[in-house]
Amino acid sequence: MSEQHYDANQGAVPPPPAPSQSPTPPPAPSPQNVVAPAVAVPQAGVTFTPMSDKSRRRIKRIVVGVVALVVLGVVTTVALAIANWTRTPEAQVRQYLDLLADGKASAATAMVDPGLPNDQRGFLSDEVMASSSARIEVEDVIADDAEHSKERMVTATMRLDGERFTRSFRVSEAKKTFGLLKNWKIQDAMVARVDVQADKVTHFSIGGEKMSVATLKEAPSSSIVLYPGVYTFTPEETGEYIDAAPKTVSVKAATGYDSSYYGGTVELTGTYNDKMAAAALDAAAALTNSCAT
């Protein structure tokens, strides 16, 4: 018979149920000890792709090229400024005078054309200038104050055989080289005309350049053209009966820019020598003997 409790009021009471064999669940954790699971959060931002070596080299070449262009531009600008600073009217005149001082007649003629026909250029040669006993010495070259003018006046002070003289040059602005470098052109060559007068002299020479007096007289002008210098005129082809002494003359140029300036006159005079007198006596004796016979 099963065990029963007896309740006086309710009668027999069934016994309490037997304890279950299943384990008792653990108590629920308190909210303070609950750790929320980690939630995956997406990362924000831009992801960069590493630059290739080829791209780095290309950028390096571009940077180097830009720097080189900048440096080249600066150097070019400075070079142009320096070049134009030296390309002045007075520098042009000084260069021309230095050629004449050095006896470089051909280069001087190429630089400043004297505007003469070919038959009057014979004595404007290196050989003739080389024969001169003295040439110009340049002391000073000064340009006028019209710095922004395309026409300038340049005055040069020189010496020739110890004597000082001045000469003015007209200089005009010429076409620029490459549109950047300034150029100046001298308008008038520094030449002088020398009259030659001869008596019993048929030819003369300067520095090996010979000329006929007859040809000179037939020309429109009985003068020759020379660059400044001290020249010796030597009579030629006088024959055995005529003596003629050389003449030396100092040829300068006009104080202005007149190319028709006359640098002086040279007189070449021949005289009969003793051979001529002896020959005349011999001829007279022969004529007398012929008449007597």
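Please read all numbers here as calculations on a predicted model, not as lab measurements.

1. Looking at the sheet that holds strand β5 (residues 163-177)
Okay, step 1: If you walk across this open sheet you meet the 4 strands as β3-β4-β5-β6, and the pairing is antiparallel. The sheet terminates laterally at β3 (137-143) and β6 (181-186), the two strands that pair on one side only. Taking each pair of neighbouring strands and ignoring which way they run, the sheet shows an average axis angle of 35 degrees.
Okay, step 2: Both β5 and β6 contribute to a ladder of 5 bridges, which runs antiparallel. Directly across from glutamate 173, in β6, lies its bridge partner tryptophan 184.
Okay, step 3: Contacts from helix α2 (residues 89-101) reach β3, β4 (151-160), β5 and β6 within the one sheet, and its direction differs from that of β3 by about 160 degrees.

2. Some details on the pairing of strand β9 (residues 209-212)
Okay, step 1: Pairing analysis gives 4 bridges linking strand β8 (residues 203-206) to β9, with the strands arranged antiparallel. Note that in β9 the partner of serine 205 across the bridge is lysine 210.

3. Considering the sheet that holds strand β13 (residues 247-251)
Okay, step 1: Ordered in space as β9-β8-β11-β13, the 4 strands form an open sheet in which the pairing is antiparallel. Looking at which strands have only one partner, the edges of the open sheet turn out to be β9 and β13. In this sheet, adjacent strand axes meet at a mean angle of 30 degrees when their direction is disregarded.

4. Describing unusual backbone geometry
Okay, step 1: Positive phi values are uncommon outside glycine, yet aspartate 161 reaches one of about 55 degrees.
Okay, step 2: Within the secondary structure, aspartate 161 is located in the loop between β4 and β5.
Okay, step 3: On the accessibility criterion, aspartate 161 (56% relative accessible area) is exposed.
Okay, step 4: Residue glutamate 237 is not a glycine yet carries a positive backbone phi of 55 degrees.
Okay, step 5: Residue glutamate 237 is classed as partly exposed on the basis of its relative accessible area, which comes to 48%.

5. Let's talk about the nonpolar core
Okay, step 1: Residues Tyr96, Leu97, Phe204, Ile224, Leu226, Tyr227 and Phe233 are the most contacted members of the largest nonpolar core, which totals 51 residues.
Okay, step 2: Each residue touching leucine 226, except ones within four places of it in the same chain, is listed here: Phe123, Leu124, Val128, Val191, Ala192, Val194, Ile206, Tyr231, Phe233 and Val251.

6. What to know about a nonpolar patch on the surface
Okay, step 1: Taken together, the side chains of Ile59, Val63 and Val67 make up a nonpolar region of the molecular surface, amounting to roughly 250 Å² of accessible area.
Okay, step 2: Assessed through its relative accessible area of 44%, isoleucine 59 is described here as partly exposed.

7. Quick look at the packing of aromatic side chains
Okay, step 1: Per the counting criterion, the structure on display carries 3 aromatic pairs.
Okay, step 2: Ring centres 6.1 Å apart and planes at 5 degrees place the aromatic pair phenylalanine 123 and phenylalanine 204 in the stacked group. Taken as a pair, phenylalanine 123 in the loop between α3 (105-111) and α4 (126-130) and phenylalanine 204 in strand β8 lie far apart in primary sequence, 81 residues in all. Assigned by exposure class, phenylalanine 123 and phenylalanine 204 land together as buried.

8. Comments concerning the pattern of salt bridges
Okay, step 1: All told, the structure shown has 8 salt bridges when counted by the stated rule.
Okay, step 2: For lysine 200, the salt bridge identified is with aspartate 199, shortest N-O distance 3.8 Å.
Okay, step 3: Its relative accessible area of 36% is what places lysine 200 among the partly exposed residues.
Okay, step 4: Among the residues examined, aspartate 199 registers a relative accessible area of 36% and is labelled partly exposed.
Okay, step 5: Across the pair glutamate 237 and lysine 210 runs a salt bridge, and its minimum N-O distance is 2.8 Å.

9. Notes on the layout of surface pockets
Okay, step 1: Within this model, the largest pocket holds a volume of roughly 280 Å³.
Okay, step 2: Along its surface, the largest pocket is lined by 14 residues, and Glu147, His148, Arg152, Lys182 and Trp184 are the ones closest to its centre.
Okay, step 3: By residue class, the composition of the lining of the largest pocket is 2 nonpolar, 4 polar and 8 charged.
Okay, step 4: Together, 16 residues line the second largest pocket, and Asp119, Gln120, Met211, Leu216 and Ile224 are the ones closest to its centre.
Okay, step 5: Those elements that place two or more of their residues in the lining of the second largest pocket are β9, α5 (213-218) and β10 (223-226).

10. Some words on the confidence of the model for the chain
Okay, step 1: In the predicted model, the chain carries a mean pLDDT of 80, and the fraction of residues at 70 or more is 72%.
Okay, step 2: This model gives residues 1-11 a pLDDT under 50, and the stretch forms 12 contacts once residues within four places in sequence are excluded.

Quick notes on the rules
- Residues numbered from 1 in each chain as written.
- Predicted model: local features only at pLDDT ≥ 70, side-chain atom pairs only at ≥ 80, totals over all residues.
- Heavy atoms only, no water.
- Pairing = 2+ DSSP bridges.
- Helix = DSSP H or I, 4+ residues; strand = E, 2+ residues; numbered from the N terminus.
- Axes fitted to C-alpha atoms, helices over the stretch in contact; angles between N-to-C directions.
- Contact = heavy atoms within 4.5 Å.
- Buried < 20%, exposed > 50% of the residue type's maximum accessible area, 1.4 Å probe, protein only.
- Core = buried A, V, L, I, M, F, W, Y, C linked by side-chain atoms within 4.5 Å.
- Patch = residues over 30% accessible without salt bridge, like charges linked within 9 Å, V, L, I, M, F, W, Y side chains within 5 Å.
- Areas by Shrake-Rupley, 256 points an atom, 1.4 Å probe, with all protein chains shown as cover.
- Salt bridge = Lys/Arg side-chain N within 4 Å of Asp/Glu carboxyl O.
- Phe/Tyr/Trp six-rings, centres within 6.5 Å; stacked < 30°, edge-to-face > 60°.
- 1 Å grid on protein atoms, 1.4 Å probe; cavity = no way out; pocket = protein on both sides within 12 Å on 5 of 7 lines; lining within 4 Å.
- Points joined across faces, edges and corners; volume = space filled by probe spheres on them.
- Nonpolar A, V, L, I, M, F, W, Y, C, P; charged D, E, K, R; others polar.
- pLDDT = per-residue confidence, 0-100.

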